[in-house]
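Observations on the model geometry
The primary structure of each chain is shown beneath.
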Amino acid sequence: MPAPGELTFTAPRRAGATRPPRHLADLAPSERRAAVADLGHPAFRANQLSTHYFARLVDDPDQMTDVPAAVRAELAAQFLPRLATPVREITCDDGTTRKTVWRLFDGALVESVLMRYFGAVSGHAELGDEADDAPAATTRGRDRITVCVSSQAGCGMNCPFCATGQAGLTRNLSTGEIVEQIVAAARLVAGGEVPGGAGRVSNVVFMGMGEPLANYNAVIGAVRRLTDPSPHGLGISQRGITVSTVGLVPAIDKLATEGLNVTLAVSLHAPDDELRDTLVPINTRWKVAEVLDAAARYVAATKRRVSIEYALIRDINDQAWRADLLGQLLRATLGHLAHVNLIPLNPTPGSKWTASRAKDEKEFVRRLENQGVPVTVRDTRGREIDGACGQLAASIR
Ligand code: SF4
């Protein structure tokens, strides 16, 4: 367990630890062709494998009937190894929310959550709403299938209100391990196993375990695999991807240069450095003003609205004056290209932190809206299944 406020950027070395097996999803299309050729197979086999994995969502060699039977097993073993095994699945919301705990090749546990939303939404934000440039508090009619994924096993950012942060960082996930969480969800949806009929994953939010920008290369690789057109990738719109961060300023600036039209979500949780130094310990490295300036540079580069995530914690960060200060800061740095997602805190077992009173939450919203800042209160899907990040995995350790 990390000491209070201690930050971990590099996972501690573990005796005998090895890297996850190489997977097709770790490789860009040209790298796949080269890797297949290196094994003495025609390069076009890489396209066949890509079609099976990304377009048909198949990794069973017996189903790859266009590949000669003699080489199917070898190619599957080389490029489609099993990276994650489900060890617990819990559903709620009439089956439209499904949380999975995965055991990775080395025993590390991570979580992903699949959420299906139907039709009109009003007032409450869904995970993935940040990707939508329409005013978030209006009522719209649409279906949305969002997957919330983990990018690290554990997390080194040590936010004191978060179960994952309290357990520390185990290791970074590989690109393949991240992509597998979405492909598994896509299979369920395509197979009609989620109420509402067969469909496609429309949104991916990097808001599960881990700080995505602390595992930068693997996360960017995953974003490219998710958004590359089928069959090279899953063909999800870049606008449907949200990458969250607690505020790693150099990585935000790097993300702005990737040419990716993804939404940036900044987990701010406090508008003043004094409180944020405690609530989000990375603030001791990069202050609120530096983080918002980096977000403004991201907006300038991408023209995408930034989502400001703010977990409302009773009597800690939910005072009216903090709402006023937050609104002023956002108007000054991001203009109309900021949107605040208020997240009613889902307390971790035994924690002293708890959700705000309804009247305080309402007043916080009112004060932000008075300053012209779009604000929504996040739909807290999965609350009854240990919905805060890391809670379910923590419960089966
Ligand atoms: S809130 Fe996010 S960044 Fe902070 S410790 Fe938890 S997983 Fe890490």
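Our subject is the structure listed above.
Residues numbered from 1 in each chain as written. Predicted model: local features only at pLDDT ≥ 70, side-chain atom pairs only at ≥ 80, totals over all residues. Heavy atoms only, no water.

1. Focus: the pairing of strand β2 (residues 97–104)
Of all 8 residues in β2, 7 are buried; the element is thus mostly enclosed. As judged from the 8 bridges shared by strand β1 (residues 84–92) and β2, these two strands associate in the antiparallel manner. Within the sheet, the bridge partner assigned to Glu89 lies in β2 and is Thr100. Direction of pairing for β2 relative to strand β3 (residues 109–117): antiparallel, over a ladder of 7 bridges. Following the sheet pairing, Arg103 is matched in β3 by Leu109. (Buried < 20%, exposed > 50% of the residue type's maximum accessible area, 1.4 Å probe, protein only. Helix = DSSP H or I, 4+ residues; strand = E, 2+ residues; numbered from the N terminus. Pairing = 2+ DSSP bridges.)

2. With respect to the environment of Met207
By secondary structure assignment, the location of Met207 is in the loop between β8 (203–206) and α6 (216–227). For Met207, a relative accessible area of 16% gives the class buried. As for Met207 and Ser150, which are separated by 57 residues in sequence, their C-alpha atoms are 6.7 Å apart.

3. Describing the pattern of salt bridges
For the structure shown, the criterion picks out 16 salt bridges. The residue Lys359 makes a salt bridge to Asp360 at a minimum N-O spacing of 3.2 Å. A relative accessible area of 16% means that Asp360 is categorised as buried. Linked through salt bridges whose partners overlap, the residues forming this network are Asp315, Arg357, Lys359 and Asp360. (Salt bridge = Lys/Arg side-chain N within 4 Å of Asp/Glu carboxyl O.)

4. Digging into unusual backbone geometry
Going from Ser230 to Pro231, the amide bond is cis rather than trans, its omega being 10 degrees. One can find Pro231 in the loop between α6 and β9 (241–245). Notably, Asp94 is not glycine yet its phi reads approximately 55 degrees, a positive angle. Structurally, the position occupied by Asp94 is in the loop between β1 and β2. In this structure Asp94 comes out as exposed when scored by relative accessible area, which is 75%. Backbone geometry places Lys303, a non-glycine residue, at a positive phi of 60 degrees. Among the secondary structure elements, Lys303 is positioned in the loop between α9 (288–302) and β11 (306–312).

5. Description of the packing of aromatic side chains
Taken as a whole, this structure holds 2 aromatic pairs when the rule is applied. Between Tyr53 and Phe54 the ring centres are 5.0 Å apart and the planes differ by 80 degrees, which places this aromatic pair in the edge-to-face class. Measuring from ring centre to ring centre gives 5.1 Å for Tyr310 and Phe364, while their planes differ by 40 degrees; the resulting arrangement is tilted. Placement of the pair is Tyr310 in strand β11 and Phe364 in helix α11 (residues 358–370), with a sequence separation of 54 residues. Owing to a relative accessible area of 0%, Tyr310 belongs among the buried residues under this scheme. In this structure Phe364 comes out as buried when scored by relative accessible area, which is 0%. Looking at Arg285, its charged tip hangs above the ring of Trp286, at a distance of 5.9 Å from the centre. (Phe/Tyr/Trp six-rings, centres within 6.5 Å; stacked < 30°, edge-to-face > 60°. Lys NZ or Arg CZ within 6 Å of the ring centre and 35° of its normal.)

6. Description of α6
Its 12 residues give α6 an end-to-end C-alpha distance of 16 Å, which sits within 8% of 16 Å, the value for a rise of 1.5 Å per residue. Taken as a whole, α6 has its buried residues at Tyr216, Ala218, Val219, Ile220, Gly221, Ala222, Val223, Arg225, Leu226 and Thr227. (Expected span 1.5 Å × (residues − 1).)

7. So, the packing of α9 against helix α10 (residues 320–334)
Interhelical geometry of α9 versus α10 gives an angle of 40 degrees and a closest axis separation of 9 Å. Taken together, the axis directions place α9 and α10 in an arrangement best described as oblique. For the crossing formed where α9 meets α10, the hand is right-handed. Of the residues in α10, those touching α9 at Val288, Leu292, Asp293, Ala295, Ala296 and Val299 are Leu329, Leu330, Thr333 and Leu334. (Axes fitted to C-alpha atoms, helices over the stretch in contact; angles between N-to-C directions. Parallel < 35°, antiparallel > 145°, perpendicular 65-115°, else oblique. Left-handed = near helix turned anticlockwise from the far one by under 90°. Contact = heavy atoms within 4.5 Å.)

8. Structural notes on the nonpolar core
Within the largest apolar cluster, 107 residues are counted, with the highest numbers of intra-cluster contacts made by Ile182, Phe206 and Val340. A total of 9 residues in this core trace back to one element, the largest contributor, which is helix α5 (residues 175–190). Leaving out residues up to four positions away in the same chain, Ile182 has contacts with Val147, Val149, Val201, Val204, Leu226, Leu234 and Ile236. Core analysis: the next-biggest nonpolar cluster, separate from the first, contains 7 residues, Val113, Val205, Met207 and Ala265 among them. (Core = buried A, V, L, I, M, F, W, Y, C linked by side-chain atoms within 4.5 Å.)

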